[in-house]
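The residues making up each chain are set out below.
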Amino acid sequence: MTPKEFNNCLARIKRGDNSGLEQIYNFYYEKIVVSAQYELHDRYKAEEIASNIMVNILKNAKKFSYVRNPNMWISRATQFAVFSSKMNVKLEVLTGFDFLSGAIFPESVYAGDNDTLTFRMAFYEILDKCTERQRNIICMHYVHKLNLRETAKVMNISVSTVKREIIIVREKLRALYNQN
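Everything numeric in this text was worked out from a predicted model, so none of it was measured. (Residues numbered from 1 in each chain as written. Predicted model: local features only at pLDDT ≥ 70, side-chain atom pairs only at ≥ 80, totals over all residues. Heavy atoms only, no water.)

Our focus in this paragraph is the pattern of salt bridges. Enumeration over the complete set of coordinates arrives at 4 salt bridges. Asp17 serves as the salt-bridge partner of Arg12, at 3.5 Å between the closest nitrogen and oxygen. What makes Arg12 partly exposed here is its relative accessible area of 23%. Using a relative accessible area of 32% as the deciding quantity, one classes Asp17 as partly exposed. The partner of Arg133 in a salt bridge is Glu165, with the nearest N and O atoms 2.8 Å apart. Residue Arg133 is located in helix α6 (residues 132-143), and its partner Glu165 is located in helix α8 (residues 159-179); the two are separated by 32 residues in the primary sequence. Given a relative accessible area of 32%, Arg133 falls into the partly exposed group. It is possible to trace a salt-bridge network through shared partners that takes in Glu30, Arg43 and Glu47. (Salt bridge = Lys/Arg side-chain N within 4 Å of Asp/Glu carboxyl O. Buried < 20%, exposed > 50% of the residue type's maximum accessible area, 1.4 Å probe, protein only. Helix = DSSP H or I, 4+ residues; strand = E, 2+ residues; numbered from the N terminus.)

Now for the packing of aromatic side chains. All told, the structure shown has 5 aromatic pairs when counted by the stated rule. Note on Phe6 and Tyr28: the rings are 6.0 Å apart at their centroids and 90° apart in plane angle, and the pair reads as edge-to-face. Remark: Tyr28 occurs in helix α2 (residues 20-40) and Phe6 occurs in helix α1 (residues 3-14); sequence separation between them is 22 residues. In terms of burial, Phe6 and Tyr28 fall into one category: buried. With 4.8 Å between their ring centres and 75° between their planes, Phe27 and Tyr28 make a pair best called edge-to-face. Phe27 sits in the partly exposed class, given a relative accessible area of 30%. (Phe/Tyr/Trp six-rings, centres within 6.5 Å; stacked < 30°, edge-to-face > 60°.)

Once that is clear, we can look at the nonpolar core. Grouped together as the largest cluster of nonpolar side chains are 24 residues, with contacts concentrated most on Phe6, Ile24, Tyr28, Ile32, Ile49, Met54 and Ile57. When near neighbours in sequence (up to four residues on either side) are disregarded, Ile32 contacts Ile49, Ala50, Ile53, Met54, Ile74 and Thr78. In terms of nonpolar packing, the next biggest core, distinct from the first, is built from 14 residues, Leu127, Ile137, Ile138 and Val162 among them. (Core = buried A, V, L, I, M, F, W, Y, C linked by side-chain atoms within 4.5 Å. Contact = heavy atoms within 4.5 Å.)

Printed below as a string of structure tokens:
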């Protein structure tokens, strides 16, 4: 789909003609599913991601300016949705702090201390107080093992911003550790 065709479809949606989504759907839906399924290894979740992207295009078309490269635009939306899906799954199954790989806490913190449950609760409370961007960066860097440059690219921010946000969260966590 050319940029002109894609933007014409968006223009139709902006005017209230929801049939403008049909061409976008026909061209991109299965590509999104295949791309998401490759990363997630789950067809159902991949279809859910593709459907959510289509619904978001329909709901937010008025907010979009001219899209110069629709393929890249859809690809980034898919990457972000896949990342969010992976992050949500990882956060649900995490039971300890091993994803921090000793970068913040010494091994003794999660070696079976009696206060581990209290500490975990406090840890998650601190993560809840972090900004969404800080939580995303921490999860990308420590859970998904992305390096600083990859994390910056996914978040569409500079490497120095990623470093700064990690330092801020580490300081919050160090203060928590020193309290216990």
